[in-house]
Amino acid sequence: MVVTPTLSRSRRLRQTPYSDRVEACGAKAYTVYNHMLLATVFRSLEEDYQHLCENVQIWDVSCERQVEITGPDAAALTQLMTCRDLSKAKYGQCFYAPLVDENGGMVNDPIILKLAEDRYWLSIADSDVLLWAKGLASGRGMDVKVFEPDVFPLAVQGPMAEEVMAKVFGEKVRDIKFFRFAELFYQNHRMVVARSGWSRQGGFEIYLDNSALALDLWDRIWDVGKDYNIFAGCPNGIERVEGGLLSYGNDMSSENTPYECGLGKYVNLEADIEFVGRKALEIARDQGLGRKICNIRFDKRLETSVSKSWDVLNVGGDHIGNISSGCNSKKMGGFIAIAMLDQEFWDEGTIVLVQTPLGDLTGTVANFPFD
Ligand code: THG
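Calculation criteria
Every chain is numbered on its own, with residues counted from 1 as its sequence reads. The predicted nature of this model means local features are confined to residues of pLDDT at least 70 and side-chain atom pairs, given and counted, to a pLDDT of 80 or more, with totals for whole chains, interfaces and linings taken over all residues. The basis for the side-chain values is all heavy atoms of the structure; hydrogens and waters are excluded. Numbered from the N terminus, helices here are DSSP runs of H or I no shorter than four residues, and strands are runs of E no shorter than two. Based on C-alpha atoms, the radius of gyration is set beside the globule rule, defined as 2.2 Å times the residue count to the power 0.38. Type-normalised accessible area, obtained with a 1.4 Å probe on protein chains alone, sets the label of each residue: buried when under 20%, exposed when over 50%, and partly exposed for intermediate values. Whether two residues touch is decided by their heavy atoms; if any such pair falls within 4.5 Å, the residues are in contact. In these tables, accessible area is a Shrake-Rupley quantity obtained with a 1.4 Å probe, and a residue counts as shielded only by the protein chains included in the view. In summary, the charge assignment counts Lys and Arg as positive and Asp and Glu as negative, without counting His or the chain termini. A charge is said to be at NZ when it belongs to Lys, at CZ for Arg, at CG for Asp and at CD for Glu. Strand pairing follows a simple DSSP-based rule, namely that at least 2 bridges must link the two strands. Within this document, salt bridges are pairs made up of a side-chain nitrogen of Lys or Arg and a carboxyl oxygen of Asp or Glu, the two lying within 4 Å of each other. Lines fitted to C-alpha atoms define the axes here, with helix axes fitted over just the stretch in contact, and angles between the N-to-C directions of these axes take values from 0 to 180 degrees. Note that the arc is computed from the directions linking the helix axis to the C-beta atoms. Only heavy atoms are used to decide nearness, and a residue is near a molecule or strand if one of them lies within 4 Å of it. In the analysis that follows, any N or O atom pair within 3.5 Å is treated as a polar contact, provided that within protein one partner can donate a hydrogen and the other can accept it, and provided that, for residues neighboring in sequence, both atoms belong to side chains. Ten residue types, Ala, Val, Leu, Ile, Met, Phe, Trp, Tyr, Cys and Pro, are classed as nonpolar, four, Asp, Glu, Lys and Arg, as charged, and the remainder, Gly among them, as polar.

> What am I meant to see in the overall build of the protein here?
Per the secondary structure count, the protein includes eight helices and 21 strands. Over its C-alpha trace the protein gives a radius of gyration of 21 Å, about what one expects of a compact globule, namely 21 Å for 371 residues. Viewed in the frame of its principal axes, the protein has a C-alpha envelope of about 65 × 50 × 40 Å. Taking all 371 residues of the protein together, 56% fall into the buried category. For the protein, contacts bridging at least 24 residues in sequence account for 66% of all contacts bridging at least 6. Accessible area of the protein: about 17000 Å², with a carbon and sulfur share of 47%. Separation of charge centres in the protein, based on 39 positive and 52 negative side chains, amounts to 4 Å.

> What is the right way to look at unusual backbone geometry in this model?
Most peptide bonds take the trans configuration, and most residues that are not glycine carry a negative phi. Cis rather than trans, the peptide bond between Phe 368 and Pro 369 has omega equal to -5°. Its place among the elements puts Pro 369 in the segment after strand E21 (359–366). In this structure, His 35 is a non-glycine residue whose phi angle is positive, near 60°. For His 35, a relative accessible area of 42% translates into the label partly exposed. Its identity is not glycine, yet Asn 188 carries a phi of approximately 65°, on the positive side. Judged by relative accessible area, which is 75%, Asn 188 ranks as exposed.

> Would you mind going over the pairing of strand E2 (residues 36–41) with me for this structure?
Each regular strand displays side chains that alternate between the two surfaces of the sheet. Within E2, five of the six residues are buried, which leaves it mostly tucked inside the rest of the structure. One ladder, built from five bridges, connects strand E1 (residues 29–33) with E2; its direction is antiparallel. What sits directly across from Val 32, in E2, is Leu 37. In textbook terms, the turn of a hairpin is the stretch between consecutive antiparallel strands, and for E1 and E2 this stretch comprises two residues, one of which, Asn 34, has a positive phi near 50°.

> Can you help me understand the pattern of salt bridges in this one?
Pairs can form between side chains of opposite charge whenever their charged atoms are close. All chains considered together, the criterion is met by 22 salt bridges. Arg 140 is paired through a salt bridge with Glu 274; the nearest N and O atoms lie 3.0 Å apart. Of this pair, Arg 140 sits in the loop between helix H4 (129–139) and strand E10 (145–147) while Glu 274 is found in the loop between helix H7 (237–243) and helix H8 (278–287), placing the two residues 134 residues apart along the sequence. We classify Arg 140 as partly exposed; its relative accessible area is 45%. Relative accessible area serves as the criterion here: at 53%, Glu 274 is assigned to the exposed category. Residues joined in a network through salt bridges with shared partners are Glu 162, Glu 163, Glu 171, Arg 174 and Arg 195.

> Honestly, the sheet that holds strand E14 (residues 203–208) in this entry has me stumped. Any pointers?
Neighbouring strands of a sheet are bound in pairs by backbone hydrogen bonds; such pairs are parallel or else antiparallel. Here six strands make up an open sheet; going across it, the order is E12-E13-E14-E11-E3-E15 and the pairing mixed. Of all the strands in the sheet, the pair left with one neighbour each is strand E12 (181–186) and strand E15 (231–233). Averaged over all adjacent pairs, the angle separating strand axes in this sheet is 30°, with direction ignored. As defined by bridge partners, strand E11 (residues 152–157) adjoins E14 across six bridges and the pair is classed as antiparallel. Within the sheet, the bridge partner assigned to Gln 157 lies in E14 and is Gly 203. In the packing of helix H2 (residues 45–54) onto the sheet, contacts are made with strand E3 (57–60), E11 and E15, and the angle to E3 comes to roughly 120°.

> How do you make sense of H4 when you look at a structure like this?
Owing to its 3.6 residues per turn, the α-helix brings residues three or four apart onto one side. When we look at burial in H4, the residues that qualify are Val 129, Ala 133, Leu 136 and Ala 137. Each buried residue of H4 lies within a common arc of 95° when the element is viewed along its axis, so the set occupies one face. Those residues of H4 that are exposed and aimed more than 90 degrees away from the buried face are Leu 131, Ser 138 and Gly 139. Those residues of H4 that are buried are in contact with strand E4 (66–70), helix H3 (74–81), strand E6 (99–100), strand E7 (106–108), strand E9 (119–123) and E10. Two residues or fewer past H4, Gly 141 is found with a positive phi of approximately 60°.

> Would you mind going over H3 with me for this structure?
In terms of burial, H3 is a largely internal element, six of the eight residues being buried. Within the sequence span of H3, burial applies to Ala 74, Leu 77, Thr 78, Gln 79, Leu 80 and Met 81. Residues of H3 that are buried make contact with E4, E6, strand E8 (111–116), E9, H4 and E10.

> Explain the sheet that holds E9 here, please?
Read from one edge of the open sheet, five strands run E5-E8-E9-E4-E10, paired in antiparallel fashion. Each having just a single partner strand, strand E5 (94–96) and E10 make up the two edges of the open sheet. The average angle at which neighbouring strand axes cross in this sheet is 20°, direction not considered. Here E8 pairs with E9 via five bridges, running antiparallel. Bridge pairing in E9 links Lys 114 to Tyr 120. Helix-sheet contacts for H3 involve E4, E8, E9 and E10, and the interaxial angle to E9 is about 30°. Against the sheet, H4 touches E4, E9 and E10, its axis set at about 165° to E10.

> Just checking my understanding: could you explain the site of the ligand for this structure?
Around the ligand lies a shell of 18 residues, among which Glu 64, Ser 123, Arg 200, Glu 205 and Tyr 207 are the nearest. The side chain of Glu 64 places a nitrogen or oxygen atom 3.3 Å from a nitrogen atom of the ligand. Here a nitrogen atom of the ligand and a side-chain polar atom of Ser 123 are 2.7 Å apart. Calculation on the ligand without its partners gives an accessible area of 650 Å², and the protein chains cover 87% of this total. Class assignment of the residues belonging to the shell around the ligand gives a composition of 11 nonpolar, two polar and five charged.

Following this line, the structure appears as structure tokens:
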């Protein structure tokens, strides 16, 4: 029998203030994200998916670390890091924003929250943005403080999320619009609550900044949620591929421009803003795209998963791209995947050959996202 090795735990692999509850709920597997534990499965990927689409789940997403930028140059540094125009940003708004390097390559794809004129949070994906931000600030002699505050996001996701949140935080949560946040009180403690989250099922994220309240908050949501069949969950590998949510480090890296990732609408070259990589992105825009994110579907289930990228070939056998993520989808009637493909192969319906761990299989190119 093959034994799957487990992860060795140490201080470098950070736990979260909710870890006791996550374990008590039976997390079956973890990944490491921003040097921190992130559960990936509770009951099974399929059962977690079904439950998320019909009920409400509580997710420990503490690994969505905040890089806080405060001080007189906070707005300038935050803008310097992203190609998305933040010049009209207001308190209470969240911005999905590509961070790019000097080559126009993706550094991260955080949600940026504007907390005050001189205070921002970058709610980051899995790469060391803190060091990049500190390096830029230091190199340019900017007047800012850059640090990782002890903020532990807790997501409440699913169609019944609003009902649960209204009982925990009051009716005011219903007024929070998509990608906006409000500061609401829980036990006399003010916390940022946003309508966002890494699923297409709707929901909220609570940016808890007091770890002493973590288990209390979890238990309160759990108690209220019992009426709505709440269970623990986590970003779900099926739901996010169906929904076209990209994963930094899986589907994109510093090798890719935001254009290649389908994030061109967040590249505001027309705006009069200064950011790292601007020249490179102007060149990329003028040259046009050579490859981009697409979907590929197979007409049957595949009993395997994408842990290494799969090569994609054309019918003539030439290498034309790579599959970076995939899952079995009942809704789509087979295995579906996210792929970076060369230009001639973008058209929906193009037949490609994929080198999977189960052998070479024929797939069909589909638009990204699927719907
Ligand atoms: N929530 C928070 N922090 C995060 C994530 C999150 N940090 C890591 C990771 N997820 C960042 N990546 C994404 C990717 C997609 C979205 C959010 C974070 C997302 N996109 C919507 C879309 O693509 O339609 C909305 C974009 C928009 O309208 O601006 O939700 O989940 N706190």
